Amino acid sequence: MKALTVEPMRNGSVRVEDVEPPVPGENDLLVDGIALGVCGTDREIAGGEYGAAPPGRDRLILGHESLGRVRQAPPGSGFSPGDLVVGIVRRPDPLPCGPCGHGEFDMCRNGEFTERGIKELDGFGSQQWTVEADYAVALAPALERVGVLMEPATVVAKAWEQIERIGGRAWFDPETVLVTGAGPIGLLAALLGVQRGLDVHVLDRAEEGVKPELVAALGATYHTGSVADLAARVPLDVIVETTGATPVILDAMEHNAADGIVCFVGLGSAGGPVQIDSDLMGRRLVLENDVLFGSVNANRRHYEQAAGALEKADHAWLERLITRRVPLAEAAEVFAAPPGDQVKVVVDL
């Protein structure tokens, strides 16, 4: 069986190789892999920045954005051969901490969680994989071409859930949302904003091409320039920041509307020190009741929310997010060059 593997913490070690077929446990599904999404996290692991192989091993099967078809399911699992499934990425820590003990493992407090394809658990980048039935989520058959977008959609499903929970501290009736960045996470965040009936604006550097086209097809408004320029014209009730770029982050922190909420889901590269007007920021946060918060990962209910959002979306629009498909045999080449202007790269397993 072929799999996409990497030696964590070693740059340039990604390769496609033969591995032993997985053996399902008593409560596991045996799944034929269909597709694997490639994201910035995968590229960073491939670049030797982080990641951890399973205990006692040097190499990790890469990939956490999964899509597969059930080949074998245990009785009473709720799954049947032929079902489309996605595997949940994170597993709670063994202690467990408070959030993990209450099923909120995406909010783990002690960092002892494990993650498929990232930290101490093999990922989904193989022709077959197994997953515990409790950590599998079914998808509608109509999503076969786009279901690989499920995991990034869970990230923004959680973000929107948290935005709405925070907004519930007081009267909350946002009209306008700004999404900074038109990568897969940003475009999916915009999709969920449109599905909520909001006036959605997306800010990115690309002057032309597929990103502006995808935003327009959503019925949202595409912008280049700065957050400050847009804020001078439009009250930014909610900002979802997906770039991780320091100048954009600082702009978002300063230019949200009063009682505004800024959610950070982007991870940028570590940089040098930056200057922040602490008096301005402090006064704005206090006097305008602003909230700045970060959100990462997802638990089971966010997968279920994402599945519903994808099913409700225009599937042709979702398919346009996938701007490149490569066969598994050529998957290592994806990590040998920068992504360029691609939105989502998918490996067909």
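Above: the structure in question.
This report concerns the structure included in the present document. (Residues numbered from 1 in each chain as written. Predicted model: local features only at pLDDT ≥ 70, side-chain atom pairs only at ≥ 80, totals over all residues. Heavy atoms only, no water.)

Re the overall build of the protein
The number of helices and strands found in the protein is 11 helices and 19 strands. In terms of overall size, the protein behaves like a compact globule, its C-alpha atoms giving a radius of gyration of 20 Å where 349 residues would be expected to give roughly 20 Å. Residue burial in the protein is summarised as follows: out of 349 residues, 51% are buried. Long-range contacts, defined as pairs at least 24 residues apart, comprise 71% of the intrachain contacts of the protein with a sequence gap of at least 6. Within the structure as shown, the protein displays about 15600 Å² of accessible surface, and the carbon and sulfur contribution to it stands at 50%. Looking at the protein, you have 30 positive and 51 negative side-chain charges, and the mean spots of the two groups are 3 Å apart. (Helix = DSSP H or I, 4+ residues; strand = E, 2+ residues; numbered from the N terminus. Rg over C-alpha atoms; globule rule 2.2 N^0.38 Å. Buried < 20%, exposed > 50% of the residue type's maximum accessible area, 1.4 Å probe, protein only. Contact = heavy atoms within 4.5 Å. Areas by Shrake-Rupley, 256 points an atom, 1.4 Å probe, with all protein chains shown as cover. Lys, Arg positive; Asp, Glu negative; His and termini not counted. Charge placed at Lys NZ, Arg CZ, Asp CG, Glu CD.)

Quick word on the sheet that holds strand S13 (residues 199-203)
Read from one edge to the other, the open sheet built from six strands follows the order S14-S13-S12-S15-S16-S17, with strand pairing classed as parallel. Two strands bound the open sheet, and with one partner strand each, they are strand S14 (221-223) and strand S17 (291-294). With strand direction ignored, the average angle separating the axes of adjacent strands in the sheet is 20 degrees. Of the strand pairs in this sheet, S13 and S14 are connected by three bridges, and their pairing is parallel. In the sheet register, histidine 201 faces S14, and the bridge partner there is threonine 221. (Pairing = 2+ DSSP bridges. Axes fitted to C-alpha atoms, helices over the stretch in contact; angles between N-to-C directions.)

Some details on the packing of helix H4 (residues 184-195) against helix H5 (residues 210-218)
One can describe the packing of H4 onto H5 by two numbers: an axis separation of 10 Å at closest approach and a directional angle of 10 degrees. Viewed along their axes, H4 and H5 adopt a mutual orientation that is roughly parallel. Pair H4 / H5 crosses with right-handed handedness. Contact residues: Leu187, Ala190, Leu191 and Val194 in H4; Leu214, Val215 and Leu218 in H5. (Parallel < 35°, antiparallel > 145°, perpendicular 65-115°, else oblique. Left-handed = near helix turned anticlockwise from the far one by under 90°.)

Some words on the pattern of salt bridges
If you walk through the whole model with that rule in mind, you get 21 salt bridges. Arginine 196 serves as the salt-bridge partner of glutamate 164, at 2.6 Å between the closest nitrogen and oxygen. One end of the pair, glutamate 164, is in helix H3 (residues 150-167); the other, arginine 196, is in the loop between H4 and S13, with 32 residues separating them in the sequence. Residue arginine 320 pairs with glutamate 213 through a salt bridge whose shortest N-O separation is 3.4 Å. Placement of the pair is arginine 320 in helix H10 (residues 315-321) and glutamate 213 in helix H5, with a sequence separation of 107 residues. Taken together, the salt bridges that share partners define one network made up of Arg15, Glu17 and Arg59. (Salt bridge = Lys/Arg side-chain N within 4 Å of Asp/Glu carboxyl O.)

Some thoughts on the packing of H3 against H4
In the contact formed by H3 and H4, the axes pass within 9 Å of each other and the chain directions differ by 50 degrees. What the angle tells us is that H3 and H4 run oblique. Crossing of H3 over H4 shows right-handed handedness. Of H4, the residues touching H3 (which contributes Pro152, Ala153, Val155, Val156, Ala157 and Trp160) are Ile185, Leu188, Ala189, Leu192 and Gly193.

Observations regarding H4
Look at H4: 16 Å from first C-alpha to last across 12 residues, which is about the 16 Å you get at 1.5 Å a residue. Most of H4 sits out of view: nine of its 12 residues are buried. Among the residues of H4, Pro184, Gly186, Leu187, Leu188, Ala189, Ala190, Leu191, Leu192 and Gly193 are the ones counted as buried. Of the residues one or two after H4, glycine 197 is the one with positive phi, at around 80 degrees. (Expected span 1.5 Å × (residues − 1).)

A few points about the environment of leucine 214
Relative to the helices and strands, leucine 214 resides in helix H5. Each residue touching leucine 214, except ones within four places of it in the same chain, is listed here: Leu187, Trp317, Arg320 and Leu321.

Section: the side chain of lysine 211
Following the sequence through the fold, lysine 211 ends up in helix H5. For lysine 211, a relative accessible area of 18% puts it in the buried group. Among residues more than four places away in sequence, those in contact with lysine 211 are Ala182, Asp204, Ala206, Tyr222 and Val343.

Some remarks on the pairing of strand S3 (residues 28-38)
Counting buried residues along S3, nine of its 11 residues qualify, which places the element largely inside the surrounding structure. With five bridges joining them, S3 and strand S10 (residues 128-132) adopt antiparallel strand pairing. Bridging from a neighbouring strand, aspartate 32 pairs with glutamine 128 of S10. Sheet analysis places S3 next to strand S5 (residues 65-72), joined by seven bridges and oriented antiparallel. Paired with aspartate 32 across the two strands is arginine 69, which belongs to S5. Where S3 lies against strand S19 (residues 344-348), four bridges are found, and the strand directions are antiparallel. When the sheet's bridge partners are listed, valine 38 is paired in S19 with valine 345.

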